Amino acid sequence: RLNIELIVNELYETTNNIYSAWLARPYVKDKEFILINGDDIFHKDVLKRILHCEGNCAAIDETLPVKSDAMRVNINENGCLTAIGKDLSDDITCGNAIGVYKFTREGGDLFFNSIKELLDIGKSNVFYLAAVDRVLSKLNLKAVYVGDLPWAEIDFPEDIPLAIEVAEKLMNSK
């Protein structure tokens, strides 16, 4: 049985998704949890791969080149993320974090402590991945490669045609 809790950030216009993630803390504190961006659609096997990964994990589309507005990642030889952000240069970018993450109980503690530190210094209008990036060395966030599966993210109106195409593929697949 899947327990899903939809959390609405009434302050999103001024706080971005870092505060949205913070609002989820009481629901997932001291638990393993999956964090999915609300603007993503993806093949069910993305979630299966994340669930079967041991430890903290991020779904990564390793297909290159990565779009300029993507959430870019650098990955070390052990398959763990060493940097994440929209400002990574092409020469160190190994893929795109598609917005599906699994955190262990300990990983969740690191994540939420990092969010709290950023919020305490007034950084409420940034992506929650700024908090992840600060603790990557402790988090051991493993890359789970999903570039062979259909997915889409809807950030801009021009993303809608691809999202429709992906949705049609997903609805027509078994």
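Just above sits the structure.
Residues numbered from 1 in each chain as written. Predicted model: local features only at pLDDT ≥ 70, side-chain atom pairs only at ≥ 80, totals over all residues. Heavy atoms only, no water.

Draft legend 1. Structural detail: the nonpolar core. Grouped together as the largest cluster of nonpolar side chains are 28 residues, with contacts concentrated most on Leu-81, Ile-84, Tyr-101, Phe-111 and Val-132. The element best represented in this core is helix H3 (residues 105-120), accounting for four residues. Setting aside residues no more than four positions away along its own chain, Phe-111 makes contact with Ala-21, Phe-33, Leu-35, Phe-103, Tyr-128, Ala-131 and Val-132. By size, the runner-up hydrophobic cluster in this structure holds 12 residues, among which are Cys-57, Ala-59, Ile-98 and Leu-149. (Core = buried A, V, L, I, M, F, W, Y, C linked by side-chain atoms within 4.5 Å. Buried < 20%, exposed > 50% of the residue type's maximum accessible area, 1.4 Å probe, protein only. Helix = DSSP H or I, 4+ residues; strand = E, 2+ residues; numbered from the N terminus. Contact = heavy atoms within 4.5 Å.)

Draft legend 2. Representation of the pattern of salt bridges within the structure. Within this structure, the stated rule accounts for nine salt bridges. Asp-148 serves as the salt-bridge partner of Arg-49, at 2.8 Å between the closest nitrogen and oxygen. Of this pair, Arg-49 sits in helix H2 (residues 44-52) while Asp-148 sits in the loop between strand S7 (142-145) and strand S8 (151-153); the two residues are 99 residues apart in sequence, bridging distant segments of the chain. For Arg-49, a relative accessible area of 28% corresponds to the partly exposed category. (Salt bridge = Lys/Arg side-chain N within 4 Å of Asp/Glu carboxyl O.)

Draft legend 3. Representation of the side chain of Arg-72 in the model. Position of Arg-72 relative to the elements: it lies in strand S4 (residues 72-75). Side chain to side chain, Arg-72 and Thr-93 meet in a polar contact 3.2 Å long. Dropping the residues within four chain positions of it, Arg-72 is found in contact with Val-66, Lys-67, Ala-83, Ile-84, Gly-85, Lys-86, Leu-88, Ser-89, Asp-90, Thr-93 and Gly-95. (Polar contact = N/O pair within 3.5 Å; in protein donor to acceptor, adjacent residues only side chain to side chain.)

Draft legend 4. View of a nonpolar patch on the surface. On the surface, Ile-34, Ile-36 and Leu-51 cluster together into a nonpolar patch covering about 230 Å² of accessible area. In this structure, Leu-51 sits in helix H2. (Patch = residues over 30% accessible without salt bridge, like charges linked within 9 Å, V, L, I, M, F, W, Y side chains within 5 Å. Areas by Shrake-Rupley, 256 points an atom, 1.4 Å probe, with all protein chains shown as cover.)

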